[in-house]
Amino acid sequence: MDADRTLADQLLASAAALGQRASEGESPIQLFLAAAQDVTSRLQVDVCSIWELLPENSLILRAVVGAGEGMITADAEPLTDSPLGRAVVSRGPVIVPDLRLDLHFSESSFLSQQQLVGSLIVPIFGPQCVAGAIGAHTRVPRDFGSAELHFLQIIAHAISVPLVGSDKESEQRQKQLLRSEQMMALGQVAAGVAHELRNPLTAIKGLIQVNRKELEDRKVPSEDLRIIEHEIRRMERSLQNFLDFARPPVPKRRRLSLMPVIERVISLIQGRARKQQVSFEIPQLSAALWVEADQDLIQQLLLNLVLNALDAMPQGGIIQIDVQPDSAGQVLVRVRDTGPGIAPHILPAIFERFVSSKETGVGLGLPVSRRIAQEHGGDLIVENLPQGGASFTFRLPAATIQS
């Protein structure tokens, strides 16, 4: 504790000294280089970079310390969803312990050229908008603590004045940034629709594959046709949500038993589960366990969780689905698997958009699932189990059976 306090005091003192130099009117280039040198020394990082946000919606490198000067082939970057761009657009700090394991960021030419994998990046604020960003980078994986984050934020504030232009320039920069945010929001909506269509299409394909031989011998089983029809309706519903500009659906709650929903989800992925040698354990549900919920949305939530569990167990395992009443008059639903669990660097951000450990994942399934749980008055929580595997739990409002 004393060592942490000493480090924090040293960082604050260093940042205060830099702020004093800024107030005395030191030239921008000297101030930027002094700040970058201070960051690399105090935080013991390999590289510090300082970027300015231009009106044409790109980031230009204003100062860098620790980089191979001859290796920098470009001193500007478009405002994409790279770690640098994310800090500017989100107006918040971005911490990347190991960029090689974070699949939800687009590539940064600067970070790639310098072979930087660990980054702490904070935006630089002007009076009305974001003016740029400052980053501390390492060539090996690195976790950054709160004292280091606060230090970099104070440094960003100290060097903000030279990056802030006239009121007209600030207004133009704000308009460009707003447009960038709107385009990123449109991209999120499009990715969300693609994700919502993926699960039904996977289910349809799985049913056809499992019943291929039977389909050749006789007509398609009526039960499979019913499931296909139900999934097509769900795709249509997702498309309508897209046309409404990703307006979150309002749950159409009614009294329902969870057992038919669970059985439908299992029937959708049973073929894939058999191929992966994954079995299900589902305790017999009490007849009194009814809930007030939207059947389609709860099916979507459960399907997302079960598909994630299957992804985690390509070589076989067990999926357990428990449904129990709790003391608060709600019904507790828990989905557990016997896979390797969730990687520690992913776990804290598992419900953030575009966070995924899958090579082809878009990182929207769990955020959407959590939103569904929250729209039903509950939440979705996750934990790694001591014996291995992951557990996802959500609550639904209980309902009594009408007499």
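Preceding block: the structure.
None of the values given here were measured: they were computed from a predicted structure.

Criteria and cut-off values
Residues numbered from 1 in each chain as written. Predicted model: local features only at pLDDT ≥ 70, side-chain atom pairs only at ≥ 80, totals over all residues. Heavy atoms only, no water. Helix = DSSP H or I, 4+ residues; strand = E, 2+ residues; numbered from the N terminus. Buried < 20%, exposed > 50% of the residue type's maximum accessible area, 1.4 Å probe, protein only. Contact = heavy atoms within 4.5 Å. Areas by Shrake-Rupley, 256 points an atom, 1.4 Å probe, with all protein chains shown as cover. Salt bridge = Lys/Arg side-chain N within 4 Å of Asp/Glu carboxyl O. Pairing = 2+ DSSP bridges. Axes fitted to C-alpha atoms, helices over the stretch in contact; angles between N-to-C directions. Expected span 1.5 Å × (residues − 1). Polar contact = N/O pair within 3.5 Å; in protein donor to acceptor, adjacent residues only side chain to side chain. Parallel < 35°, antiparallel > 145°, perpendicular 65-115°, else oblique. Nonpolar A, V, L, I, M, F, W, Y, C, P; charged D, E, K, R; others polar. Phe/Tyr/Trp six-rings, centres within 6.5 Å; stacked < 30°, edge-to-face > 60°.

Chemist: Residue-level account of the overall build of the protein, with values.
Modeler: In terms of helices and strands, the protein carries 11 helices and 13 strands. Classification of the 403 residues of the protein by burial places 46% in the buried group. When contacts within the protein are restricted to residue pairs at least 6 apart in sequence, long-range pairs at least 24 apart make up 68% of them. Surface exposure of the protein reaches about 20,100 Å², of which carbon and sulfur atoms provide 54%.

Chemist: Any chance you could break down the pattern of salt bridges for me, citing the residues and the numbers?
Modeler: For the structure on display, the rule yields 9 salt bridges. Close ionic contact of D379 with R370 constitutes a salt bridge, the shortest N to O distance being 3.0 Å. Judged by its relative accessible area of 27%, R370 is partly exposed.

Chemist: Outline the sheet that holds strand β3 (residues 76-78), listing residues and values.
Modeler: Taking strand neighbours across the sheet as the criterion, the 6 strands line up as β3-β2-β1-β6-β5-β4 in an open arrangement whose pairing is antiparallel. Both edges of this open sheet fall to β3 and β4 (94-96), since each of them pairs with a single strand only. Each adjacent strand pair in this sheet contributes to an overall mean axis angle of 20 degrees, direction not counted. Sheet topology note: the strand β1 (residues 47-53)/strand β2 (residues 58-65) ladder contains 6 bridges and is antiparallel. For C48, the partnering residue across the bridge sits in β2 and is V65.

Chemist: Got a sec to walk through helix α10 (residues 295-312)? Specific residues and values, please.
Modeler: Look at α10: 26 Å from first C-alpha to last across 18 residues, which is about the 26 Å you get at 1.5 Å a residue. Extensive coverage of α10 is indicated by the burial of 14 of its 18 residues. For α10, the N-terminal cap is D294; the gap from its side-chain oxygen to the backbone nitrogen of D296 is 3.0 Å.

Chemist: So what's going on with the packing of helix α2 (residues 28-43) against helix α5 (residues 146-158)? Which residues, and what values?
Modeler: For the pair α2 and α5, interaxial distance at closest approach is 11 Å and the crossing angle is 175 degrees. Between α2 and α5, the angle falls in the class roughly antiparallel. In this structure, α2 contributes L31, A35, D38, V39, R42 and L43 to the contact, and α5 contributes E148, F151, L152, I155 and A158. Residue composition of the contact of α2 with α5, by class: 8 nonpolar, no polar and 3 charged.

Chemist: Which residues make up the packing of aromatic side chains, and what values go with them?
Modeler: Taken as a whole and assessed by the stated rule, the structure comprises 1 aromatic pair. An angle of 85 degrees between the planes, with centres 5.3 Å apart, marks the rings of W51 and F110 as edge-to-face. Of this pair, W51 sits in strand β1 while F110 sits in helix α4 (residues 109-113); the two residues are 59 residues apart in sequence, bridging distant segments of the chain. Judged by its relative accessible area of 1%, F110 is buried.

Chemist: I'd love a proper account of the pairing of strand β11 (residues 330-337), names of residues and values included.
Modeler: Most of β11 sits out of view: 6 of its 8 residues are buried. Examined bridge by bridge, strand β10 (residues 317-325) and β11 share 7 bridges and lie antiparallel to one another. When the sheet's bridge partners are listed, P325 is paired in β11 with V331. Counted along the chain from β10 to the antiparallel partner β11, the turn is 4 residues long, and its residue G329 has a positive phi close to 75 degrees. Pairing geometry for β11 and strand β13 (residues 390-399), over 7 bridges, is antiparallel. Bridged to V333 within β13 is F394.

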